[in-house]
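Commentary on secondary and tertiary structure
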Amino acid sequence: MSTLPDDLDDALEASLGRFPTTELTRSVQTLIRQYREGFDRSVPALGTEAAVAAYAGYRMPATYSAVRAALRQVALLAPGFAPETQMDVGGGTGSALWAASAVWPTLRTATVLEQSPSAIAFGRRLAGHAPAVAVREARWQQAFVDRSAPAPTADLVTMSYVLGELSPAVQEDVVGTLARGAARGAGMLVIVEPGTPAGYARIAAARRLLAASGLHVVAPCPHDGECPIRPGQDWCHFAVRLNRTALHRRIKDGTLSFEDEKFSYVAASARPSPRAESRILRHPVKRKGLVTLRLCTAEDGLADRPVSKRQGETYREARDAVWGDAWPIGRESASPAG
């Protein structure tokens, strides 16, 4: 179960308290409709303080949890990766900034690129409560995510929940720009999108472009080849369960104390890195004495692997494995990515 850091949770609660709950709830309903029906790209999604506050209350716990889960998989595969600088592209109110700092305490400086002045002001206010210097003293820069943006360079470059707000042509240009920035350095580029068929399609397109640009796919894939999932039949995504605060439930008109955030992601680097032998793509099916794992593998593509009780320690690991884990647990490929 994922939870926000206490400092972020407290700062978010205090910032949302500046607005009537009814106003936040109305703004959240507008955002939900935009997510379902598509954004009007001629109108800024976060154009007002109320819209930014509603977005932060409605989406920040989920986006933080999803980005942190994706970054944690990268950290598990590359324990020697210790970034000191981060650039977050289209950073909104700073979810990826907080998430990266939670995964890598080595971060010292960070830059957030965001087009909405209201989102920048809100995110900077939240960041002021952070114990981590990289978050608290982050540089917030107003910038549009479009084909004119310069290629970012940092040890860690993140872009989360942004591509869906861009036209397809601009998506390709932006990913190409990120790829060029990553190719010039030895850092890590991580892109996260909603775990919907459309979100996965954007990640799959980005993954193809990153590989074609000479980058090495680090996660979640165990290979650089074409994704074995057939479009229209399935999609590669993962999930993280997060706690809902009382305020979060009120502004979303929700009753459950938790929610599941589904996400798709790709991490790539110019430098070859160890990666998973395979990746668990669904909840393991557990029966008495048998666990069946749905895997993406480097050799066989998609494969259903049974693990029986007779396999001893491997079976015990399979019983503990969860959707999204590398498999075998804690074991990387003998040869690095690329």
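Rules used in this analysis
Residues numbered from 1 in each chain as written. Predicted model: local features only at pLDDT ≥ 70, side-chain atom pairs only at ≥ 80, totals over all residues. Heavy atoms only, no water. Helix = DSSP H or I, 4+ residues; strand = E, 2+ residues; numbered from the N terminus. Contact = heavy atoms within 4.5 Å. Phe/Tyr/Trp six-rings, centres within 6.5 Å; stacked < 30°, edge-to-face > 60°. Buried < 20%, exposed > 50% of the residue type's maximum accessible area, 1.4 Å probe, protein only. Lys NZ or Arg CZ within 6 Å of the ring centre and 35° of its normal. Salt bridge = Lys/Arg side-chain N within 4 Å of Asp/Glu carboxyl O. Expected span 1.5 Å × (residues − 1). Bend = angle between axes of the 7 residues up to and from the residue. Disulfide = S-S within 2.5 Å. Core = buried A, V, L, I, M, F, W, Y, C linked by side-chain atoms within 4.5 Å. Pairing = 2+ DSSP bridges. Axes fitted to C-alpha atoms, helices over the stretch in contact; angles between N-to-C directions. Parallel < 35°, antiparallel > 145°, perpendicular 65-115°, else oblique. Left-handed = near helix turned anticlockwise from the far one by under 90°.

As annotated in an unreviewed UniProt entry, the chain is Small ribosomal subunit Rsm22 family protein from Microbispora hainanensis.

**Section: the environment of A154**
In this fold, A154 is placed in the loop between strand 3 (139–142) and strand 4 (156–160). A C-alpha to C-alpha distance of 9.2 Å links A154 and T111, two positions 43 residues apart in sequence. Setting aside anything within four residues of it in sequence, one finds A154 in contact with T85, Q86, M87 and G187.

**Describing the packing of aromatic side chains**
Per the stated rule, a full pass over the model turns up four aromatic pairs. When the centroid spacing of 6.2 Å and the interplanar angle of 45 degrees are considered together, the rings of F238 and F263 count as tilted. In this pair, F238 sits in strand 7 (residues 238–243) while F263 sits in strand 8 (residues 258–269), placing the two residues 25 residues apart along the sequence. Relative to Y265, the ring of F263 has its centre 5.9 Å away and its plane inclined at 35 degrees; by these criteria the two rings are tilted. Both residues of the pair, F263 and Y265, count as buried. Ring pairing ties together the aromatic residues F238, F263 and Y265, which thus form one cluster. The residue whose ring lies beneath R59 is Y58, and the NZ or CZ to ring-centre distance is 5.8 Å.

**Topic: the environment of T30**
Inspection of the secondary structure puts T30 in helix 2 (residues 21–37). Since its relative accessible area comes to 32%, T30 is described here as partly exposed. A sequence separation of 24 residues divides T30 from A54, and the C-alpha atoms of the two residues are 9.6 Å apart.

**Side note on the pattern of salt bridges**
Summed over all chains, the structure comprises 10 salt bridges. We note a salt bridge from E261 to R59, for which the minimum N-O separation is 2.9 Å. Note that E261 is positioned in strand 8 and R59 in helix 3 (residues 49–77), a separation of 202 residues in sequence. As far as burial versus exposure is concerned, E261 and R59 are alike and both buried. With its nearest N and O atoms 2.7 Å apart, the salt bridge here joins D260 to R241. Pair noted here: D260 is in strand 8 and R241 is in strand 7, with a separation of 19 residues, a long-range link. Note on R241: relative accessible area 38%, which makes it partly exposed.

**Some points on helix 3**
Compared with an ideal rise of 1.5 Å per residue, which puts 29 residues at 42 Å, helix 3 spans 39 Å between its outermost C-alpha atoms and is within 8% of the ideal. The sharpest bend along helix 3 reaches about 50 degrees and sits at R59, with the proline P61 one to four residues further on. With 24 of 29 residues buried, helix 3 lies mostly within the body of the structure.

**Re the state of the cysteines**
The bond known as a disulfide is covalent and runs between the sulfur atoms of two cysteines. Enumeration over the complete set of coordinates arrives at zero disulfides. The thiol of C227 is unpaired, and the distance to the nearest cysteine sulfur, on C236, comes to 6.1 Å. A relative accessible area of 23% means that C227 is categorised as partly exposed. A residue is classified by how much of its surface remains accessible, and C236, at 14% relative accessible area, is buried.

**Remarks on the nonpolar core**
By size, the foremost hydrophobic cluster in this structure holds 68 residues, and its most contacted members are W104 and F263. For this core, the leading source of residues is helix 3, giving 16 residues. Membership of the second largest hydrophobic core comes to 26 residues, among which are M87, V162, A182 and C221.

**Re the pairing of strand 5 (residues 188–194)**
With six of its seven residues buried, strand 5 lies for the most part within the structure. For strand 4 and strand 5, the ladder comprises five bridges, and the chain directions are parallel. By the bridge assignment for strand 5, L156 is matched with M188.

**Observations regarding the packing of helix 7 (residues 168–184) against helix 8 (residues 197–212)**
Packing of helix 7 against helix 8 brings their axes to within 10 Å, and their N-to-C directions diverge by 45 degrees. It follows that helix 7 is oblique to helix 8 by the angle criterion. For the pair helix 7 and helix 8, the crossing hand works out as right-handed. On the side of helix 7, the interface is formed by Q171, E172, V175, G176 and A179, while helix 8 contributes R202, A206, L209 and L210.

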